[in-house]
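A structural walkthrough
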Amino acid sequence: MVFGCIGGWGMLKQYSFCEIIKNVYSLVLTKLTLPQCRLLRRPIYMRGIKSIEGAKGLTVGYGCRFDLEGTKRTLFIGDNCQFGDNTHIVALQSVKIGNDVLIASNVFISDTNHGSYKGVIQSSPNEAPNERNLEYNNVVIGNNVWIGQNAVILAGSNIGDGAVVGANSVINSKIPASYIVVGNNRLVKRYDFDEKKWIRL
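Described in the following lines is the structure provided in the data block. (Residues numbered from 1 in each chain as written. Predicted model: local features only at pLDDT ≥ 70, side-chain atom pairs only at ≥ 80, totals over all residues. Heavy atoms only, no water.)

A separate point is the layout of surface pockets. Taken as a whole, the largest pocket spans an internal volume of roughly 320 Å³. Classifying every residue of the lining of the largest pocket by side-chain character gives four nonpolar, six polar and two charged. Lining the second largest pocket, in full, are Arg47, Asp67, Val90, Leu92, Phe108, Ser110, Thr112, Asn113, His114 and Leu134. Examining the composition of the lining of the second largest pocket, we find that three residues originate from one element, strand S12 (residues 112-114), more than from any other. Tallied by class, residues from the lining of the second largest pocket come to four nonpolar, four polar and two charged. (1 Å grid on protein atoms, 1.4 Å probe; cavity = no way out; pocket = protein on both sides within 12 Å on 5 of 7 lines; lining within 4 Å. Points joined across faces, edges and corners; volume = space filled by probe spheres on them. Nonpolar A, V, L, I, M, F, W, Y, C, P; charged D, E, K, R; others polar. Helix = DSSP H or I, 4+ residues; strand = E, 2+ residues; numbered from the N terminus.)

Shown next as structure tokens:
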């Protein structure tokens, strides 16, 4: 079971002895805390662990952080997802991540903002950011989504199935299924299912 959860003999040959020990230690703690997950590497920071739903087969890298509401289900993770090192998720209202989602390292996903910057009542710059009222807007990430290194997924984002989010992108809108998005919500390619290739827009 241990070898299966950390990749089998072939994968073990790629690890140093110290890395194997760290993975076994992480595996034991994973099965004690969230047994449905595959491997939660340590160190990991989880505030509000009871807010996690799903996460069957989840694998995360080192230094991941989850800031969750804690009394209700606010973070749903689908089956067989993989999160890279230092992934940071804030889910105080609702973040839903589909099946088979791959997230690179240093990705930030949040359904929460410190303050309101549109609408009738807005936050004042004279008020300390940490004292401004929290504003929430749900985040949805579909199935088979690939999110690149250093991407930021902000409150209100809705990323369709099969989409690709480029490295260093900042997303805060609806991204259609089977599109590649880079930069600030800029769509650059879509997948053509008839031609079976990505087509530049």
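This part covers the pairing of strand S5 (residues 64-68). Within a regular strand, the side chains alternate between the two sheet faces. Across the five residues of S5, four count as buried, placing the element largely inside the fold. Bridge count for strand S2 (residues 44-47) against S5 is four bridges, and the pairing is parallel. The residue bridging Ile44 from the neighbouring strand is Cys64, located in S5. (Buried < 20%, exposed > 50% of the residue type's maximum accessible area, 1.4 Å probe, protein only. Pairing = 2+ DSSP bridges.)

As a further point, take the sheet that holds strand S3 (residues 52-54). Here we have six strands laid out as an open sheet, ordered S3-S6-S9-S14-S17-S20, and parallel in their pairing. Lying at the two open borders of the sheet, with one neighbouring strand each, are S3 and strand S20 (174-175). Of the pairings in the sheet, the one linking S3 to strand S6 (residues 75-77) comprises three bridges and is parallel in character. Along S6, the bridge assignment pairs Gly54 with Ile77.

Strand order in the open sheet formed by nine strands is S1-S4-S7-S10-S15-S18-S21-S22-S23, with mixed pairing between adjacent strands. Each having just a single partner strand, strand S1 (39-40) and strand S23 (197-200) make up the two edges of the open sheet. Two elements, strand S4 (residues 59-60) and strand S7 (residues 82-83), share two bridges in a ladder whose sense is parallel. Paired with Thr59 across the strands is Gln82, a residue of S7.

Attention shifts here to the side chain of Ser169. Position of Ser169 relative to the elements: it lies in the loop between strand S18 (164-165) and strand S19 (170-171). A residue is classified by how much of its surface remains accessible, and Ser169, at 0% relative accessible area, is buried. Here Gly183 takes part through its backbone nitrogen, which lies 3.1 Å from a polar atom of the side chain of Ser169. Excluding residues within four positions of it along the chain, Ser169 makes contact with Asn150, Ala151, Val152, Val181, Val182 and Gly183. (Polar contact = N/O pair within 3.5 Å; in protein donor to acceptor, adjacent residues only side chain to side chain. Contact = heavy atoms within 4.5 Å.)

Quick look at the environment of Ala128 now. Secondary-structure assignment places Ala128 in the loop between S12 and strand S13 (134-136). Its relative accessible area of 34% is what places Ala128 among the partly exposed residues. Considering only alpha carbons, one finds Ala128 and His114, 14 residues apart in sequence, at a separation of 9.7 Å.

A separate point is the nonpolar core. With 34 residues, the main nonpolar core has Leu75 and Phe83 as its most contacted residues. Looking at which element gives the most residues to this core, the answer is S5, with three residues. Every residue in contact with Phe83, bar those within four places of it in the chain, is listed here: Leu58, Thr59, Val60, Gly61, Phe66, Ile77, Ile89, Ile97 and Ile103. (Core = buried A, V, L, I, M, F, W, Y, C linked by side-chain atoms within 4.5 Å.)

What follows covers the pattern of salt bridges. Pairing is possible between side chains of opposite charge, provided their charged atoms come close. Under the defined criterion, the tally for this structure stands at five salt bridges. For the salt bridge of Arg190 with Asp192, the shortest nitrogen-to-oxygen distance reads 3.8 Å. The class of Asp192 is buried, set by a relative accessible area of 12%. Each of the salt bridges in this network shares a partner with another, and the network as a whole consists of Arg47, Arg65 and Asp67. (Salt bridge = Lys/Arg side-chain N within 4 Å of Asp/Glu carboxyl O.)

What follows concerns the packing of aromatic side chains. Counted by the stated rule, this structure contains three aromatic pairs. A ring pair is formed by Tyr191 and Trp198, whose centres lie 5.2 Å apart and whose planes are at 65°; its orientation type is edge-to-face. Ring-pair connections join several aromatic residues into one group, and the members of that group are Tyr191, Phe193 and Trp198. Note that Lys22 overlies the ring of Tyr62, its terminal NZ or CZ placed 5.2 Å from the centroid. (Phe/Tyr/Trp six-rings, centres within 6.5 Å; stacked < 30°, edge-to-face > 60°. Lys NZ or Arg CZ within 6 Å of the ring centre and 35° of its normal.)

In short, shape yes, function no, at least from these values alone.
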